[in-house]
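Descriptive analysis of the structure
Next come the chains, spelled out residue by residue.
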Amino acid sequence: MSNKEKMRTTGYYKEPGPKLNEESPFKSMMERFQFAAEILELDEGMFQYLANPVKQITVSIPVVMDSGDIQVFEGYRVIHDNVLGPSKGGIRFAPDVNIEEVKALASWMTWKCAIANVPFGGAKGGVRCDPKKLSTSELERLTRRYTANMLEVFGPDRDIPAPDMNTDEQIMAWIMDTYSMNAHKTETAVVTGKPIILGGSHGRKEATGRGVVTVTLAALNKLGLAPNKCRTVVQGFGNVGSVSAKLMYEQGAKVIGISDITGGYYNKNGIDIIDAIEFAKNNGNSLEGYPEADKITNEELLQLDCDVLIPAAKEDQISPRNADKINARVIVEGANGPVTANADAILEGNDIMVVPDILANAGGVTVSYFEWVQDRQGYFWTEERVNRRLNRMMRAAFDNLFNVKEEHNITLRQAAYVFGINKVATTLRMRGIYA
Ligand SMILES: NC(=O)C1=CN([C@@H]2O[C@H](COP(=O)(O)OP(=O)(O)OC[C@H]3O[C@@H](n4cnc5c(N)ncnc54)[C@H](O)[C@@H]3O)[C@@H](O)[C@H]2O)C=CC1
Ligand SMILES: O=C(O)CCC(=O)C(=O)O
């Protein structure tokens, strides 16, 4: 049976047709998985094992709102796999998050942890809510109730959440506290991305953006481009985007475009990113009204003529709809899933190198691993040590995948899936779970 047929039997593969959502992250993930499975000649049992998450949990989260009314939210946690170790992955709060999206994000975490060489499986969580419409105390009650519903799932040796879109160190602190109250002891290692005072790690907040820039520099080196000659565009100005923009700026790159949910901001002479970060900080974390650049749309931003494009907002931003209009030499995926699977070939055909998400944004989970190690040892590292080790691990991961790419004559994304899936499959065979 071909892998395509196997996917049909599990319902994962859908023939292209009018009902198909061509920009579904889960579909993108499965198409790339299928390609790698064929190269690796995975047998059917292994294919089925790795295609299916080990656990999918959906919970109802009743919250007493400030008005006194009860509102019920839906929350998810998907454990894709725990073969390499306890499962690991962020939690996002967003109005449109759903179980299919969380399933894709959880399996990306599995391959990402394998590539980053950290001893974790993959998981992801989400709560369907609009955090901007919640007061701080509503957000706290929501987070604590979600955590209470996940007490049997989370645990420092079982499943360890972290921040993702619209979640931050305060939310991680509430998760840690709720879990600890129920465990009757302080359990810092149950979650990463915490405030430093609660056992967080130096450098975790900046880690994802820092890792993005490490692999960007490695990619530019392969292309023979000097960072200080590169016009850079960054989509998204949250945790990942703002740090990536700042570190590229500090490398001497001219950052000509930045953006957030309010739109794009373009200045052909380059934007002072330190100034833009300060502006957003004093403007409710928003770039709206940023005076030092022209306002453009997010769509126009993605099509700017540049050397480096870092999509660091959300999934499905570059698809066949606009892939042909991308004018970059290299795309470095700060976000998870910003390029859809059916845009890959268009970008490749236009000779645009793509550094895939499961490599490019692995700096976050790498420093989360450092945080977990520090919490368990009760011994904390300096920021300099964290950054040095992060840089070394990201560079090693890039070089490793570049070798796989050259060996098989495939793209860096295909190399990432081939390496990640092969590592998990090999471990699984050795553990004997599959026997
Ligand atoms: N925070 C982390 O450590 C990691 C995050 N990621 C991924 O990076 C991406 C961004 O995450 P964070 O920076 O943590 O989120 P965040 O919530 O801090 O920032 C998201 C940013 O994207 C902007 N945005 C949202 N929708 C947009 C749109 N349609 N167009 C343009 N901008 C838009 C928001 O305004 C905000 O500036 C997500 O895909 C996330 O899964 C990946 C690895 C780790
Ligand atoms: O830091 C972590 O554990 C996971 C971060 C995350 O959710 C991701 O890499 O997508």
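What you are looking at is a predicted structure, and each value in this text was computed from that prediction instead of being measured.

Remarks on the overall build of the protein chain
Scanning the protein chain from terminus to terminus reveals 15 helices and twelve strands. Overall, the C-alpha framework of the protein chain stretches about 55 × 55 × 50 Å when taken along its three principal axes. Counting across all 435 residues of the protein chain, residues that qualify as buried make up 57%. Put simply, of all contacts in the protein chain between residues at least 6 apart along the chain, 69% involve residues at least 24 apart. Within the structure as shown, the protein chain displays about 17,800 Å² of accessible surface, and the carbon and sulfur contribution to it stands at 48%. Within the protein chain, one finds 49 positive and 55 negative side-chain charges whose respective centroids are separated by 4 Å.

A look at the nonpolar core
Membership of the largest hydrophobic core comes to 87 residues, with the highest contact counts inside it found for F33, L50 and W111. Excluding anything up to four places from it in sequence, F33 contacts L42, F47, L50, A51, W111, Y417 and I421. Grouped together as the second largest cluster of nonpolar side chains are 28 residues, Y146, F154, V190 and V191 included.

Section: the packing of aromatic side chains
Scanning the model with the defined rule gives ten aromatic pairs in all. Ring centres of F279 and Y290 lie 5.2 Å apart, and the angle between their planes is 70 degrees; this geometry places the pair in the edge-to-face category. With F279 in helix 9 (residues 273–281) and Y290 in the loop between helix 9 and strand 9 (294–296), the pair connects residues that are eleven residues apart, well separated along the chain. Residue class for F279 comes out partly exposed when judged on its relative accessible area of 22%.

Re unusual backbone geometry
Positive phi outside glycine occurs at N285, with the angle close to 55 degrees. Mapped onto the elements, N285 comes out in the loop between helix 9 and strand 9. We classify N285 as exposed; its relative accessible area is 67%. You will see that D351, though not glycine, has its phi angle at about 60 degrees, which is positive.

Focus on helix 15 (residues 412–431)
The terminal C-alpha atoms of helix 15 lie 28 Å apart, and with 20 residues this matches the ideal 28 Å at 1.5 Å per residue to within 8%. Every buried residue of helix 15 is accounted for by L412, R413, A415, A416, Y417, V418, G420, I421, V424, A425 and L428. Count one or two residues on from helix 15 and you reach G432, which has phi positive near 90 degrees.

Observations concerning helix 9
Within helix 9, burial applies to I273, A276 and A280. Taken end-on, helix 9 shows its buried residues confined to a sector of 55 degrees, consistent with a single buried face. Along its buried surface, helix 9 packs onto helix 8 (239–250) and strand 7 (254–260). Structurally, the start of helix 9 carries an N-cap: the backbone nitrogen of I274 is 3.1 Å from a side-chain oxygen of D272.

Quick look at a nonpolar patch on the surface
A surface patch of nonpolar side chains, amounting to about 290 Å² of accessible area, comprises V64, I70 and V72. By the element assignment, I70 lies in strand 2 (residues 70–81).

Some words on the site of ligand 1
Taken together, 23 residues form the shell around ligand 1, and within it D164, T208, N239, V240 and N336 come nearest. In this structure, an oxygen atom belonging to ligand 1 sits 3.0 Å away from a main-chain N or O atom of I261. Between ligand 1 and N336, the relevant distance is 2.8 Å, taken from an oxygen atom to a side-chain nitrogen or oxygen of the residue. Burial of ligand 1 by the protein chains amounts to 86% of its free accessible area of 830 Å². Put simply, the parts of the chain that give the shell around ligand 1 at least two residues each are helix 7 (204–223), helix 8 and strand 7. Taken domain by domain, the shell around ligand 1 gets at least three of its residues from each of domain 2 (53–186) and domain 3 (207–360).

Some details on the site of ligand 2
Close to ligand 2 lie 13 residues, the nearest being K88, G90, K112, K124 and S368. A distance of 3.0 Å separates an oxygen atom of ligand 2 from a polar side-chain atom of N336. Sorting the residues of the shell around ligand 2 by element identifies strand 3 (87–94), helix 4 (99–116) and helix 13 (363–377) as the ones contributing at least two each. The residue makeup of the shell around ligand 2, split by class, is three nonpolar, five polar and five charged.

Focus: the domain arrangement of the protein chain
Domains assigned within the protein chain are domain 1 (3–50), domain 2 (53–186) and domain 3 (207–360). When domain 1 packs against domain 2, the two sides together hide about 820 Å² of surface, and 67% of this comes from carbon and sulfur. Counting the surface domain 1 buries against domain 2, the share from its top three residues, F26, M29 and Y49, is 55%. Between domain 1 and domain 2 we count zero salt bridges in total. At the surface where domain 1 touches domain 2, the tally comes to one residue pair in polar contact (both at pLDDT 80 or more). For the side of domain 1 that touches domain 2, the leading source of residues is helix 2 (residues 25–40), giving five residues. Each residue belonging to the side of domain 1 that touches domain 2 can be placed in one class, and the counts come to seven nonpolar, no polar and one charged.

About the criteria used
- Residues numbered from 1 in each chain as written.
- Chains lettered and ligands numbered in written order.
- Predicted model: local features only at pLDDT ≥ 70, side-chain atom pairs only at ≥ 80, totals over all residues.
- Heavy atoms only, no water.
- Helix = DSSP H or I, 4+ residues; strand = E, 2+ residues; numbered from the N terminus.
- Buried < 20%, exposed > 50% of the residue type's maximum accessible area, 1.4 Å probe, protein only.
- Contact = heavy atoms within 4.5 Å.
- Areas by Shrake-Rupley, 256 points an atom, 1.4 Å probe, with all protein chains shown as cover.
- Lys, Arg positive; Asp, Glu negative; His and termini not counted.
- Charge placed at Lys NZ, Arg CZ, Asp CG, Glu CD.
- Core = buried A, V, L, I, M, F, W, Y, C linked by side-chain atoms within 4.5 Å.
- Phe/Tyr/Trp six-rings, centres within 6.5 Å; stacked < 30°, edge-to-face > 60°.
- Expected span 1.5 Å × (residues − 1).
- Arc of directions from axis to C-beta.
- Polar contact = N/O pair within 3.5 Å; in protein donor to acceptor, adjacent residues only side chain to side chain.
- Patch = residues over 30% accessible without salt bridge, like charges linked within 9 Å, V, L, I, M, F, W, Y side chains within 5 Å.
- Salt bridge = Lys/Arg side-chain N within 4 Å of Asp/Glu carboxyl O.
- Near = heavy atom within 4 Å.
- Domains from an automatic or database assignment.
- Nonpolar A, V, L, I, M, F, W, Y, C, P; charged D, E, K, R; others polar.
- Buried area = accessible area lost by both parts, 1.4 Å probe.

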